[in-house]
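Descriptive structure summary
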Amino acid sequence: MSKESKLKLNRRKFVTLTGGAVIASGILATCGDATNNTAPATTAPEATTAAATTAAAATTAAATTAAAATTAAAATTAATATTAAATTSAAATTSAAATTAASGQAFQTDFNAVGQELADAMAGKLKGKTVTLIHGITAADEVTKFTKCFDDFQAKTGITVKLNAGGNDALTVIATKVSAGTIDDIVNFPQPGSLGLYTQQGKVKDLSTIINQDWMKKVYNQGFIDTATLPDQNGKKILAGVFQRINFKSAVWYPKKAFDAAGYKVPTTWDEQQALMDQIVKDGDTPWCLGIESGGATGWPATDWLEDLMLRTTSLENYDKWTTGVMPFTDPVVKNAMQKMTDIFFNDKYVYGGRKTIVTTNFGNAGTPMFQNPPKAWLLKQGNFITTFFEQNTPGLKGGVDYDFYYLPPIDPQYGKPVLFAGDLFGLFNDKPESRAVIQFLTTYESIQPWIKAGGGGAISPHKNANLADYTTDLDRKTAQSILQATSARFDGSDLMPAAVGSGSEWKGMTDYFSGTANLDQALATMQAGWNNVKK
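Residues numbered from 1 in each chain as written. Predicted model: local features only at pLDDT ≥ 70, side-chain atom pairs only at ≥ 80, totals over all residues. Heavy atoms only, no water.

Attention now goes to the packing of helix H13 (residues 300–313) against helix H15 (residues 332–345). As a packed pair, H13 and H15 sit with axes 9 Å apart at the nearest point and diverge in direction by 120°. The angle between H13 and H15 places the two elements in the oblique class. The interaxial crossing formed by H13 with H15 has right-handed handedness. For the pair H13 and H15, the contacting residues are Ala302, Trp305, Leu306, Leu309, Met310 and Thr313 in the first and Val333, Val334, Asn336, Ala337, Met338, Lys340, Met341, Ile344 and Phe345 in the second. (Axes fitted to C-alpha atoms, helices over the stretch in contact; angles between N-to-C directions. Helix = DSSP H or I, 4+ residues; strand = E, 2+ residues; numbered from the N terminus. Parallel < 35°, antiparallel > 145°, perpendicular 65-115°, else oblique. Left-handed = near helix turned anticlockwise from the far one by under 90°. Contact = heavy atoms within 4.5 Å.)

As structure tokens, then:
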């Protein structure tokens, strides 16, 4: 698995169109071919400048999400073209047997159940047609995998899928093509925010009328559908996109070999999490590795903490209100989640180096103390991209042996087992039978299965019928299982917010608070101030 395929930090832009002019309004992290060249910094972008983070974040590996944003991880179908009736694959014979939330085992797709055009395509009725798809993949190995992803689909359907690379500035290229009326049939977006801009312009087709909704509910956790449901030009909510590859963020990493030797147990409840932290302190160590420094994007790792804690302390409805600006940062619900963070971040017994080091410790280096002998700290909350940094900073580490992760435990049982995720989604711009067939295909597990079997570098299927035996590493398999076992799912909150907030004022407020230059109320007010720069 190459460094590039595992690294989850690259440029991502929110793009707005004003009278046809393209304005880069912010930058967020994604996956792709960036390198970790962050320089120490303790200040975040100014809250009043929506575009202020762009240059800084673009030249660093700074980010707000580990999403596979530039990786439109589309894949080929493993199903036979003549299979119209649903069939069920046998469960895998290993301990990683295929499971689903609905049936407990993987199942092969009945293409008739997905959409008429996909069924027609598999029957050869659309042979000779061409569908164009623009993406932002830049890493060579991922481009190769992505290209191979459509080989079987093309062979079975006779449809040519023409892949057009947008490169590092894919969102700018997309905006230019939309303005010129030359946009591809299908567009790969790094997060719902950038897709939503075109949905509001009426450029994106409503997939709820194109893809069988019973199929969507069967194959996706409702959270993936909710996240891709966005307002159109009339304010009506439409299904604007579909997820085909995602990235897991609700993970707590630990030095497995040392952890097991110390007799520690993986917590499954918040009380157990608290007990583990206190036991580590009693043993003379500090539980948490914390670092939110990321050059011009300093503060973003703290936003992931807040999002996961929001999902564990309040309802999905409130989470959605918060990410859309209906519920302010100053609301008691948000303040409560921030207080949960404070209880950890401000306790010097819990933080390696103490609170004073949080804003000056680079996020990519934060976990290094876990791999000292003996460990100086034991826990790091971060997305599944972080293993790249573990292995760069401490050569020779092996996943599943030297490090592992556990799911961040629930806090309030009434909110179940939520997961925080990021990832790519696909929108349909040109409505033709053949493009319908391809967008329908992207909702199937078969569309990502070859990528996963090849070793996807963290490529995780959101599909309920994902076959866990297909994953090439135990960690990816475990990550996929965590997704399947989730009771709800929500996208990275800061990525759902406008750039002036999610990659501007929120970063600044987090940095001010954890550096000690603002109290909690002041920090929350700073975070909220970014909404003043957003057109309502």
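Looking now at unusual backbone geometry. With an omega of 0°, the peptide bond between Asn373 and Pro374 qualifies as cis. When you line up the elements, Pro374 lands in the loop between H15 and strand S11 (377–381).

Further remarks concern the environment of Gln481. Locating Gln481 in the fold gives a position in helix H19 (residues 474–485). Measuring from C-alpha to C-alpha, the distance between Gln481 and Ala466 comes to 9.1 Å, with 15 residues separating the pair along the chain.

Here strand S14 (residues 488–491) shows two buried faces, one formed by Ser488 and Arg490 and the other by Ala489 and Phe491. Sheet topology note: the strand S13 (residues 418–428)/S14 ladder contains four bridges and is parallel. When the bridges of S14 are listed, Val419 appears paired with Ala489. (Buried < 20%, exposed > 50% of the residue type's maximum accessible area, 1.4 Å probe, protein only. Pairing = 2+ DSSP bridges.)

The next subject is the sheet that holds strand S10 (residues 286–288). Sheet strands pair by backbone hydrogen bonding; their relative direction is either parallel or antiparallel. Ordered in space as S10-S11-S9-S12, the four strands form an open sheet in which the pairing is mixed. At either end of the open sheet lies a strand with only one pairing partner, and these are S10 and strand S12 (404–407). When strand polarity is set aside, the average angle formed by the axes of neighbouring strands in this sheet is 25°. Note that S10 and S11 share two bridges and pair parallel. Looking across to S11, one finds that Thr286 is bridged to Ala377. Set on the sheet, H19 makes contact with strand S9 (251–254) and S12; between it and S12 the angle comes to about 5°.

With that settled, consider helix H21 (residues 499–515). Taking 1.5 Å per residue as the helical rise, H21 with its 17 residues ought to reach 24 Å, and the 22 Å between its terminal C-alpha atoms agrees with that figure. If you look at H21, its biggest bend is around 30°, right at Ser505. Within H21, 15 of the 17 residues are buried, which leaves it mostly tucked inside the rest of the structure. Directly after H21, the chain includes Gly516, whose backbone phi takes a positive value near 90°. (Expected span 1.5 Å × (residues − 1). Bend = angle between axes of the 7 residues up to and from the residue.)

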